[in-house]
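Overview (structure and organization)
Each chain is listed here by its residues.
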Amino acid sequence: MLARAVLVLCLLSRFVAAVSSSLPTAEVGPRQESPVFIPAPLPSPTSIIVNNTIQTADGPLVETCDLIFVPDGQNIQQIENCTMATGGFNVATSIVTPSPSASSISVNVIPAPTGTLMQSAASSSPAVVAAFVMPGRSLQVLPVGLCIYAGVTALTFTFVAFVTYERVQYRKAFMSPAYDSRLRAGLVAVNRLTITFLVDNSVEWFAKLPPGFKLELPQHLSDARTVIDPLTGVPIINLEDFCCGAHGFSALIETQRDDDEERHLTLFDTGPDSKSIVRNVMAMQAPVDQIGRVVLSHWHSDHSGGMLSFLQMRSPDAPKCIVDLHPDRPTARGIAIPPTYETIIGRLPADPTFELITSAGGVVEQHAEGHTVAGATIYVSGEIPRVTSFEQGLPGAVRFVEEDGKPGHWTSEPHIMDERYVAVDVIGKGITIFSACSHAGIVNVVKDAVQRFSRPIYMIIGGLHLGSADLAPRIGPTVDFLVHQLRPGPTYILPMHCSGFHCKVALESALGEGCVPAGVGVRVEVHGDRDLEDRLSRPSFA
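What comes next concerns the included structure. Fair warning: this is a prediction, and the values are worked out from it, not measured in the lab.

Turning our attention to the overall build of the protein. When its secondary structure is counted, the protein shows 12 helices and 28 strands. By residue count, 44% of the 542 residues in the protein fall in the buried class. Sequence-distant contacts, at least 24 apart, represent 75% of the contacts inside the protein between residues at least 6 apart. Carbon and sulfur atoms make up 58% of the accessible area of the protein, which amounts to about 26200 Å² in all.

Encoded structure:
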């Protein structure tokens, strides 16, 4: 588009230059001397002002000459100062300060031919400059300034029209799958995104939420299936039917490219156990049979523990559900404690094996690289680059390793390279990032998303893993990056799961209502805005 704009500017500038060069000109001829007769000597200088009107194609030009006669012994020195300006005066001759002793000073002015400009006489003062007088040159007589103004105006309007047309074409291409595939890792922008949090550490009933966010209680009260108390005539708030909190994470992501197109339901993580996901799915009445894919963020049981029970909830005749996994499943993972991280206090429950997932009705897909799912409306990352100096992974993370012919042993594994994030692009809003635990560091996650999609970050959702005391020093630089170094900054941050109390306080202090106290049972609806699409800024970070 830029190359085309430059080409149009060059062509139009050449057109204006050609039009200007074709305008009629008038030659500047030498000044015709006006004979002056001085029959009597002059005792003092005498000044004479001569006004000449020259008719040109764009109106009259008035030449004003101040003739000064200075006695010099037996000779008289003539000094001539001429200026030229537009006007409509007639030719006139006047004596301003004649010498009292001067007799019959006569000035005979020979008018110049029409359309001819005159230059100052050779005896003029060197300091005198005659406006518009350019000896031996051609001077435009038609209103050149007006022509140039009209040409520049036409050029500007043409350029604006051309750029507007190109922007429209760009926008059409921008919305096409081909553009997304080329510039956004295959991710297609959606017009509608709905998120339902099915598992989280927090249960939030009373917080003030931004537009588009809805707490669990109002959802129950507005449900037509809510039982009405026959005694009082008001809905019964049956706490048996509400979500419970659990140390883990699960979010149901619904994406729809356009209102008249197919919607896609994707489950991101399944919580820590076989009970919480089942209870909360029933409480939120999630359509489990319509969920086409489960994406596991990483192999930790607080994210994979509910996978088998979720698959078993589905009807036998429901379409097959794909389970999207990183291939590097560990035998076991555990937790070591500071300060040395050499003491292992326990292992996490085993993640479901590929065989168990298959037997529960899931279709296993293994992906180590980034890819799109749900009709290209969701991007699932590959391994996240570790580029931020203060994000050094999870210090207490250990992995049990078995080698051929040798006993198994624990080894430090702070980076947990099988962790993946999920991204959704909303028209007119930007990227929504789901980072379930952020062992890679949320700054690393955001940097990868910005560089990969070149789209502003609209919302950051999930666990930031800054809750433990040994990770508290990372809170400050993390908040500084998200609030001050990332431009434009995110509209909303939802610190959940393992983010920790102090992290939430710091983000709320920096972002105000931009830090949203979300929890299990909260539903978020994000609608695209095509009118805002062209106004989105290209993101950057320090």
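What follows is about the sheet that holds strand 15 (residues 332-337). Through backbone hydrogen bonds, the strands of a sheet pair up, either in parallel or in antiparallel fashion. A sheet is described by the order of its strands in space; here four strands give the open sequence 16-15-20-21, paired in antiparallel fashion. The sheet terminates laterally at strand 16 (343-347) and strand 21 (406-412), the two strands that pair on one side only. Sheet twist, expressed as the average angle between the axes of neighbouring strands with direction ignored, equals 35°. Here strand 15 pairs with strand 16 via four bridges, running antiparallel. What sits directly across from Ile337, in strand 16, is Thr343.

Before going further, it helps to spend a moment on unusual backbone geometry. The omega angle of the peptide bond from Pro338 to Pro339 is 10°, so this bond is cis rather than trans. Following the sequence through the fold, Pro339 ends up in the loop between strand 15 and strand 16. Of note, the bond from Arg487 into Pro488 is cis; its omega dihedral lies within 30 degrees of zero at -10°. Structurally, the position occupied by Pro488 is in the loop between strand 25 (486-487) and strand 26 (492-496).

For the pair helix 10 (residues 475-485) and helix 11 (residues 501-511), the least separation of the axes is 10 Å and the interaxial angle reads 35°. The two elements helix 10 and helix 11 cross, and the hand of that crossing is right-handed. Contacts from Ile475, Val479, Leu482 and Val483 of helix 10 reach helix 11 at His502, Cys503, Ala506, Leu507, Ala510 and Leu511. Looking at the contact of helix 10 with helix 11, its residues break down into nine nonpolar, one polar and no charged.

Another point: the packing of aromatic side chains. Applying the stated criterion across every chain, the model contains 12 aromatic pairs. Taken together, the aromatic side chains of Phe197, Phe249, Phe268 and Phe434 make up a single cluster linked through ring pairs. Its end group placed over the ring of Trp299, Arg329 keeps NZ or CZ at 5.9 Å from the ring centre.

This paragraph deals with helix 9 (residues 442-453). Taking 1.5 Å of rise per residue, 12 residues should cover 16 Å, and helix 9 covers 16 Å from first to last C-alpha, within 8% of that figure. Within helix 9, 10 of the 12 residues are buried, which leaves it mostly tucked inside the rest of the structure. Of all the positions in helix 9, only Ile442, Val443, Asn444, Val445, Val446, Lys447, Asp448, Ala449, Val450 and Phe453 are classed as buried. Backbone geometry just downstream of helix 9 places Ser454 in the positive-phi region, at approximately 50°.

Bringing the sheet that holds strand 9 (residues 192-199) into the picture now. Taken together, the eight strands give an open sheet; going across it, the order is 10-27-9-11-12-13-14-17, and neighbouring strands pair in mixed fashion. Of all strands in the sheet, those with a lone pairing partner are strand 10 (213-214) and strand 17 (362-366), marking the two edges. Across the sheet, helix 5 (residues 276-283) lies against strand 9 and strand 11 (250-256), angled at about 135° from strand 9, the strand it touches most.

Moving on to the environment of Glu413. With respect to the helices, strands and loops of the structure, Glu413 is situated in the loop between strand 21 and strand 22 (422-426). By relative accessible area, Glu413 is classed as buried at 13%. Sequence spacing of Glu413 and Pro395 is 18 residues, and the spatial spacing of their C-alpha atoms is 7.9 Å. Aside from chain neighbours lying at most four places away, what touches Glu413 is Arg333, Ala397, Val398 and Arg399.

When you line up the elements, Ala189 lands in the loop between helix 3 (177-183) and strand 9. The buried category is assigned to Ala189, whose relative accessible area is 2%.

Packing of helix 9 against helix 10 leaves a shortest axis separation of 10 Å and a crossing angle of 25°. Relative to helix 10, the element helix 9 is oriented roughly parallel. Side by side, helix 9 and helix 10 meet where Ile442, Val443, Val446 and Lys447 of the first sit next to Thr478, Phe481 and Leu482 of the second. When its residues are assigned to classes, the contact of helix 9 with helix 10 shows five nonpolar, one polar and one charged.

If you look at the biggest cluster of nonpolar residues, it comprises 33 residues, and the most contacted ones within it are Ile195, Phe197, Met459, Ile461 and Leu494. Counting residues per element, the ones that place at least two in this core are strand 9, strand 11, strand 19 (378-380), strand 22, strand 24 (457-463), strand 26 and strand 27 (523-527). Setting aside anything within four residues of it in sequence, one finds Phe197 in contact with Phe249, Ser250, Ala251, Ile461, Leu494, Met496, Ala518, Gly519, Val520, Gly521, Val522 and Val524. Counting residues in hydrophobic clusters, the runner-up holds 29 residues, among them Tyr379, Val443, Val445 and Leu466.

Our focus in this paragraph is the side chain of Asp351. By secondary structure assignment, the location of Asp351 is in the loop between strand 16 and helix 8 (354-359). Buried and unpaired, Asp351 has no salt bridge, with Arg329 as the nearest side chain of opposite charge at 5.4 Å. There is a polar contact of 2.5 Å between the side chain of Asp351 and the side chain of Ser304. Setting aside residues no more than four positions away along its own chain, Asp351 makes contact with Trp299, His300, Ser301, Ser304, Arg329 and Pro330.

This part takes up empty space enclosed by the protein. Inspection of every chain in the model, using the stated rule, returns three cavities of 30 Å³ or more. By volume, the largest cavity amounts to about 100 Å³. Residue lining of the largest cavity: 14 residues in total, with Ser438, His439, Gly441, His465 and Arg474 positioned closest to the centre. The residue makeup of the lining of the largest cavity, split by class, is five nonpolar, seven polar and two charged.

What follows is about the pairing of strand 21. As paired strands, strand 20 (residues 397-403) and strand 21 are joined by five bridges and run antiparallel to one another. The residue bridging Val401 from the neighbouring strand is His409, located in strand 21. Where strand 20 folds back on strand 21, the antiparallel hairpin that results is connected by two residues, among which Gly405 adopts a positive phi of roughly 75°.

Criteria and thresholds
Residues numbered from 1 in each chain as written. Predicted model: local features only at pLDDT ≥ 70, side-chain atom pairs only at ≥ 80, totals over all residues. Heavy atoms only, no water. Helix = DSSP H or I, 4+ residues; strand = E, 2+ residues; numbered from the N terminus. Buried < 20%, exposed > 50% of the residue type's maximum accessible area, 1.4 Å probe, protein only. Contact = heavy atoms within 4.5 Å. Areas by Shrake-Rupley, 256 points an atom, 1.4 Å probe, with all protein chains shown as cover. Pairing = 2+ DSSP bridges. Axes fitted to C-alpha atoms, helices over the stretch in contact; angles between N-to-C directions. Left-handed = near helix turned anticlockwise from the far one by under 90°. Nonpolar A, V, L, I, M, F, W, Y, C, P; charged D, E, K, R; others polar. Phe/Tyr/Trp six-rings, centres within 6.5 Å; stacked < 30°, edge-to-face > 60°. Lys NZ or Arg CZ within 6 Å of the ring centre and 35° of its normal. Expected span 1.5 Å × (residues − 1). Parallel < 35°, antiparallel > 145°, perpendicular 65-115°, else oblique. Core = buried A, V, L, I, M, F, W, Y, C linked by side-chain atoms within 4.5 Å. Lys, Arg positive; Asp, Glu negative; His and termini not counted. Salt bridge = Lys/Arg side-chain N within 4 Å of Asp/Glu carboxyl O. Polar contact = N/O pair within 3.5 Å; in protein donor to acceptor, adjacent residues only side chain to side chain. 1 Å grid on protein atoms, 1.4 Å probe; cavity = no way out; pocket = protein on both sides within 12 Å on 5 of 7 lines; lining within 4 Å. Points joined across faces, edges and corners; volume = space filled by probe spheres on them.

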